[in-house]
Amino acid sequence: MAMPAPIPEPNPQNRRRHPRRASAAIATLFVPNENKPGQTVQMLDLSLHGVGFRSPTPLAFGAMYGLQLSENWLNLTARIRVLTSRPHSSGHHDIGAHFA
């Protein structure tokens, strides 16, 4: 009988409450209540409480945006609050945001 795989030690750096699901979808980032076209962003991952995506521009910590995503069965429009904005080697920025 095979032994079950050991449970990995929790990573104290990872504060996420729910698992992330990888996503390569294209989404639209927009400023709520402004009648301007949105910015196209590349999704990286999605969880119950937040989202990761790659943006062509940096975003300010705490800034509020709208995010619209349509991928296969998922149609999502949500308000997000930026938590992290890190430069990526591609010249874009990896953004972490919480659903607000």
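Owing to the predicted nature of the structure, the values given are computational and were not obtained by experimental measurement.

**Description of the overall build of the protein**
Secondary structure assignment for the protein yields 0 helices and 7 strands. Walking the protein from its N terminus toward its C terminus, one meets helices and strands in the order β-β-β-β-β-β-β. For the protein, the residues scored as buried account for 29% of the 100 residues in total. Counting contacts in the protein only where the partners sit at least 6 residues apart, residues at least 24 apart contribute 45% of the total. Of the roughly 7,400 Å² of accessible surface on the protein, 55% is carried by carbon and sulfur atoms.

**With respect to the confidence of the model for the protein**
In the predicted model, the protein carries a mean pLDDT of 85, and 82% of its residues have values of at least 70. Note that pLDDT drops below 50 for residues 5-9; the model gives that stretch 0 contacts with residues more than four away or on any other chain.

Reading the values: the criteria
Numbers given for residues are sequential positions, taken from 1 along each chain in its written order. Local features in a predicted model are, by the rule used here, given only for residues with pLDDT of at least 70; side-chain atom pairs are given and counted only at 80 or more, and totals for whole chains, interfaces and linings are based on all residues. The basis for every side-chain value is the complete set of non-hydrogen atoms in the structure, without hydrogens or water. Under the DSSP-based scheme used, a helix requires at least four consecutive residues in state H or I and a strand at least two consecutive residues in state E, with every element numbered from the N terminus. Classification of residues uses two cut-offs on accessible area relative to the type maximum, computed with a 1.4 Å probe and protein chains only: under 20% is buried, over 50% is exposed, and between them is partly exposed. In what follows, residue pairs with any heavy atoms lying within 4.5 Å of each other are defined as contacts. Surface accessibility in these figures is a Shrake-Rupley result with a 1.4 Å probe; residues are shielded only by whichever protein chains are displayed. Confidence of the predictor at the level of single residues is given by pLDDT, which spans 0 to 100.

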